[in-house]
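Here's the letter readout for the chains.
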Amino acid sequence: MIQIDKLAFSYGSNEVLKNISMEILPGNIYGLLGENGVGKTTLLTLLCGLKKVQSGSIRVDGRDPYDREPSLLADQFYLADEVAPVHAKAICFAREHGVFWPNFDLSLFSGILREFEVEPDQYMDAMSAGQLKKTYLSFALACRVRYYYLDEPTNGLDIPSKSQFRKALMKYVPEESSIVISTHQVRDLENIIDPIIILDRRDVLLNASTADISEKLFFDYSTELHPDALYVEQTPGGTVQVYPNPTGEESKVNVEALFNAVHAHKDVVKAMFNPNL
Amino acid sequence: MSEVFNFRRFWTFFKYDLKQMWRNHFKVALFLGFLPLLLYVVWVICSLSFTREWTAPGIAVRAGFFYLAVLVIILYQARTYGHLTDRRKGANYLMIPASVTEKFTSMMVITLIVIPLLFAGVYFLLDGFLSLVDPHYGSSLVGGAKSLLSRFLQAEIWEDAVMPKSMPNIFFVLVVIGIFVSMVYYLLSGLVFKKWKILGGLLVNYGFSLVLTIFAGLVLTGDRVKDWLERTFNDMGDDQALQFFTNTLNWSTVASVVILVALMTAIYFRIKTIKH
């Protein structure tokens, strides 16, 4: 389990994260959403130990990730938004790197890569950005670790590959793993991310499961406007509205509409999901 | 399993590191190792073309090229692990499940043992081979250095003193440590500067030398120090001068070792604290 307690981080005088507290539980795929510059990548790099916490703490199974202990590194995988081209065949890269992760499965890597329609014998520095991303994604999934930190994993992927990625994520990631995905491409992942974390500058606006969101907010796809709507958006097929759910009736969460509703009514939504505030 | 150092994990990482180095940087060391052959071929071709005579590069030219090759090897250390400051490649390296101690040890073995052995092994082997097969080539660099050192040791500069037999070893150790210090210095420069890794190292070195020279100049030109130096050296006999010379070499070796350890410590902490 990951415990984040009163986390703060700044780049010089630019305060990015402030007083962030949350828990990341096993078996969930967390969607980390937020506008540009709110600190999504910073949070991921703090979680994996590439940065040092300036104030507060992060504990991954009771350990500080910045210590970069081999046993914790072998339990996690961080996939950056931009990945490095390596002068090696994908299969060689995977064989050489994979030895460090105890659950790494080379045949699984080749299998996932072929599902992405990339040949394992291809040189990585001759690949397109999308193919390179697919290679790293296949490698990450083949590592079968407990903690995944994926920064914009669907960036650069073509439409079939996005769907392939969702399938592979559901199929190959161990059930007890925690996955934190930072993304702007919410439509690519909205069916798989649960819970949803929405970061704002210096604050967590929302950290709730889709069941909880659906219980408290209603996503109305009818054409009739609701007087209490927090957010309304015209869509080609009609409208999508988000308003407080008085009856607890279930509705399908539209992550993009949720994001906009939360941003338009920060205090209302925060109070709704944190009654103690 | 220890989080600090585990031999099995180190061996796995070392093999991995060697493969990466082979793919990216060992080729430079190997290319420089082949320099005697390259120089010889170019020299012979030019000689045959212009003078129609078969001549080979003399030992002075070869020594000059060897010096240049060593200089390139030293400066190139700034590039070998320079990718650690790159956000993408550096993150990959730091996230590999091996401890800082294992990564540092592997880095030191590759920098201070594998690369110099690869370069010097190929260089001296080819140089020795050419000196054997072509009479125009003359003595090999190793043979030349030995004879130069022996002439220096037998020189009649000390009338009342006998040069200690350990002197060649002291010289050799001092030179090797000096080269190690330079290699580790530029390795650190590559880990500190994000861009202009070699130039950054050169400028810091130049700045530091300048400050040290100014400081030494101020100290040595002081009246008290000047008097002390004059008194000490004017009254010195040959045996005392030789002793002073030997002591200076020994203290230089000690100082070099201290600098080497300090630079290595700085590299260890740089790997430990590097952030992306």
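Remember, it's a predicted structure, so these values are computed and weren't measured experimentally. (Residues numbered from 1 in each chain as written. Chains lettered and ligands numbered in written order. Predicted model: local features only at pLDDT ≥ 70, side-chain atom pairs only at ≥ 80, totals over all residues. Heavy atoms only, no water.)

Describing the overall build of chain A
Here is step 1 of the chain: A tally of helices and strands in chain A yields 10 helices and 12 strands.
Here is step 2 of the chain: Relative to a compact globule of 277 residues, whose C-alpha radius of gyration would be 19 Å, chain A shows 20 Å and is just as compact.
Here is step 3 of the chain: Dimensions of chain A, computed from the C-alpha atoms along their principal axes, are close to 60 × 45 × 35 Å.
Here is step 4 of the chain: Looking at the 277 residues of chain A, the share that counts as buried comes to 55%.
Here is step 5 of the chain: Taking the intrachain contacts of chain A between residues at least 6 apart in sequence as the baseline, contacts between residues at least 24 apart amount to 67%.
Here is step 6 of the chain: Total accessible area on chain A stands at roughly 11800 Å², and carbon and sulfur atoms take up 47% of it.
Here is step 7 of the chain: Put simply, chain A has 26 plus and 38 minus side-chain charges, and the middle of one group is 5 Å from the middle of the other. (Helix = DSSP H or I, 4+ residues; strand = E, 2+ residues; numbered from the N terminus. Rg over C-alpha atoms; globule rule 2.2 N^0.38 Å. Buried < 20%, exposed > 50% of the residue type's maximum accessible area, 1.4 Å probe, protein only. Contact = heavy atoms within 4.5 Å. Areas by Shrake-Rupley, 256 points an atom, 1.4 Å probe, with all protein chains shown as cover. Lys, Arg positive; Asp, Glu negative; His and termini not counted. Charge placed at Lys NZ, Arg CZ, Asp CG, Glu CD.)

Considering the overall build of chain B
Here is step 1 of the chain: On a plain count of helices and strands, chain B comes out with 11 helices and 0 strands.
Here is step 2 of the chain: Mapped from its N terminus to its C terminus, chain B presents α and β elements in the order α-α-α-α-α-α-α-α-α-α-α.
Here is step 3 of the chain: Burial analysis of chain B (276 residues in total) assigns 37% to the buried set.
Here is step 4 of the chain: Long-range pairs, those at least 24 residues apart, make up 76% of the contacts in chain B with a sequence separation of at least 6.
Here is step 5 of the chain: Seen as two clouds, the 25 positive and the 16 negative side-chain charges of chain B have centres 24 Å apart.

Let's talk about the packing of aromatic side chains
Here is step 1 of the chain: Following the criterion strictly, the structure yields 29 aromatic pairs over all chains and no others.
Here is step 2 of the chain: Three or more aromatic residues link up through ring pairs in this structure, and these residues are F77, F93, W101, F104, F109, Y136 and F139 of chain A.
Here is step 3 of the chain: A cation over a ring is seen here: R62 of chain B above Y137 of chain B, with NZ or CZ 3.9 Å from the ring centre.
Here is step 4 of the chain: A cation sits over an aromatic face here: K103 of chain B above Y93 of chain B, 5.4 Å from the ring centre. (Phe/Tyr/Trp six-rings, centres within 6.5 Å; stacked < 30°, edge-to-face > 60°. Lys NZ or Arg CZ within 6 Å of the ring centre and 35° of its normal.)

Focus on the interface of chain A and chain B
Here is step 1 of the chain: Each partner contributes residues to the interface: chain A has 29 residues there, and chain B has 25 residues.
Here is step 2 of the chain: For the chain A and chain B pair, buried surface summed over both sides reaches about 2500 Å², with 60% attributable to carbon and sulfur atoms.
Here is step 3 of the chain: Counting across the chain A and chain B interface gives 3 salt bridges.
Here is step 4 of the chain: R23 of chain B is the salt-bridge partner of E96 of chain A, the closest N and O atoms lying 2.6 Å from each other.
Here is step 5 of the chain: There are 14 residue pairs in polar contact (both at pLDDT 80 or more) connecting chain A and chain B.
Here is step 6 of the chain: Broken down by secondary-structure element, the contributors of at least two residues to the side of chain A that touches chain B are helix 1 (40-48), helix 2 (70-73), strand 5 (76-79) and helix 3 (90-98) of chain A.
Here is step 7 of the chain: Tallying contributions element by element places helix 2 of chain A first for the side of chain A that touches chain B, with 3 residues.
Here is step 8 of the chain: Among the residues forming the side of chain A that touches chain B, the class breakdown is 15 nonpolar, 6 polar and 8 charged. (Buried area = accessible area lost by both parts, 1.4 Å probe. Salt bridge = Lys/Arg side-chain N within 4 Å of Asp/Glu carboxyl O. Polar contact = N/O pair within 3.5 Å; in protein donor to acceptor, adjacent residues only side chain to side chain. Nonpolar A, V, L, I, M, F, W, Y, C, P; charged D, E, K, R; others polar.)

Comments concerning the environment of N205 of chain B
Residue and element names in this part refer to chain B.
Here is step 1 of the chain: Position of N205 among the secondary structure elements: in helix 9 (residues 197-220).
Here is step 2 of the chain: The class of N205 is partly exposed, set by a relative accessible area of 32%.
Here is step 3 of the chain: Each C-alpha atom, one on N205 and one on Y186, is 9.7 Å from the other, the two residues being 19 residues apart in sequence.
Here is step 4 of the chain: N205 has contacts with Y185 and Y186, leaving out every residue within four places of it along the chain.

Thoughts on the pairing of strand 1 (residues 2-11) of chain A
Residue and element names in this part refer to chain A.
Here is step 1 of the chain: Of the strand pairs in this sheet, strand 1 and strand 4 (residues 55-60) are connected by 5 bridges, and their pairing is antiparallel. Following the sheet pairing, D5 is matched in strand 4 by S57.
Here is step 2 of the chain: Pairing of strand 1 with strand 2 (residues 14-24), which is carried by 7 bridges, proceeds in the antiparallel orientation. By the bridge assignment for strand 2, I2 is matched with I24.
Here is step 3 of the chain: Between strand 1 and strand 2, which pair antiparallel in sequence order, lie 2 residues; one of them, G12, sits at a positive phi of approximately 65 degrees. (Pairing = 2+ DSSP bridges.)

Focus on the nonpolar core
Here is step 1 of the chain: Ranked by internal contacts, the top residues of the largest apolar core, which has 145 residues, are I4, Y149, L169, I213 and L258 of chain A together with I267 of chain B.
Here is step 2 of the chain: Both of domain 1 (2-204) and domain 2 (209-273) of chain A provide at least three residues apiece to this core.
Here is step 3 of the chain: Non-local contacts of Y149 of chain A, meaning those with residues more than four positions away in its chain, are made with I2, L44, L47, C48, V60, Q76, F77, Y78, L79 and V180 of chain A.
Here is step 4 of the chain: Core analysis: the next-biggest nonpolar cluster, separate from the first, contains 6 residues, M167, L174, L242 and L249 of chain B among them. (Core = buried A, V, L, I, M, F, W, Y, C linked by side-chain atoms within 4.5 Å. Domains from an automatic or database assignment.)

Points about the confidence of the model for chain B
Here is step 1 of the chain: Per-residue confidence for chain B gives a mean pLDDT of 92; residues scoring 70 or more make up 97%.
Here is step 2 of the chain: When pLDDT is averaged over each element of chain B, helix 6 (residues 100-133) of chain B comes out on top at 97 and helix 7 (residues 141-154) of chain B at the bottom at 81. (pLDDT = per-residue confidence, 0-100.)

Overview of the state of the cysteines
Residue and element names in this part refer to chain A.
Here is step 1 of the chain: In the structure shown here, the tally under the stated rule is 0 disulfides over all chains.
Here is step 2 of the chain: In this structure C48 is not part of a disulfide, and its nearest cysteine sulfur, from C143, lies 14 Å away.
Here is step 3 of the chain: Here C48 falls in the buried class, since its relative accessible area comes to 0%.
Here is step 4 of the chain: Assessed through its relative accessible area of 1%, C143 is described here as buried. (Disulfide = S-S within 2.5 Å.)

Comments concerning the pairing of strand 11 (residues 231-235) of chain A
Here is step 1 of the chain: Here 5 bridges tie strand 11 of chain A to strand 12 (residues 238-244) of chain A, and the two strands are oriented antiparallel to one another. The residue of strand 12 of chain A that forms the bridge with V232 of chain A is Q241 of chain A.

So, helix 3 of chain A
Here is step 1 of the chain: The element helix 3 of chain A is largely enclosed, with a buried count of 7 among its 9 residues.
Here is step 2 of the chain: Among all positions of helix 3 of chain A, only A90, I91, F93, A94, E96, H97 and G98 of chain A are buried.
Here is step 3 of the chain: Of the surrounding elements, those touching the buried residues of helix 3 of chain A are helix 4 (106-115) and helix 5 (129-143) of chain A together with helix 1 (7-24) of chain B.

Notes on helix 3 (residues 35-50) of chain B
All names here are of chain B.
Here is step 1 of the chain: Helix length check: helix 3 (16 residues) gives 22 Å between terminal C-alpha atoms against 22 Å at 1.5 Å per residue, within 8%.
Here is step 2 of the chain: Those residues of helix 3 that fall on the buried side of the exposure criterion are L35, P36, L39, Y40, V44 and S47. Taken end-on, helix 3 shows its buried residues confined to a sector of 155 degrees, consistent with a single buried face.
Here is step 3 of the chain: Considering only its buried residues, helix 3 is in contact with helix 2 (26-33), helix 4 (59-80) and helix 6.
Here is step 4 of the chain: R52 sits one or two positions beyond helix 3 and adopts a positive phi of about 55 degrees. (Expected span 1.5 Å × (residues − 1). Arc of directions from axis to C-beta.)

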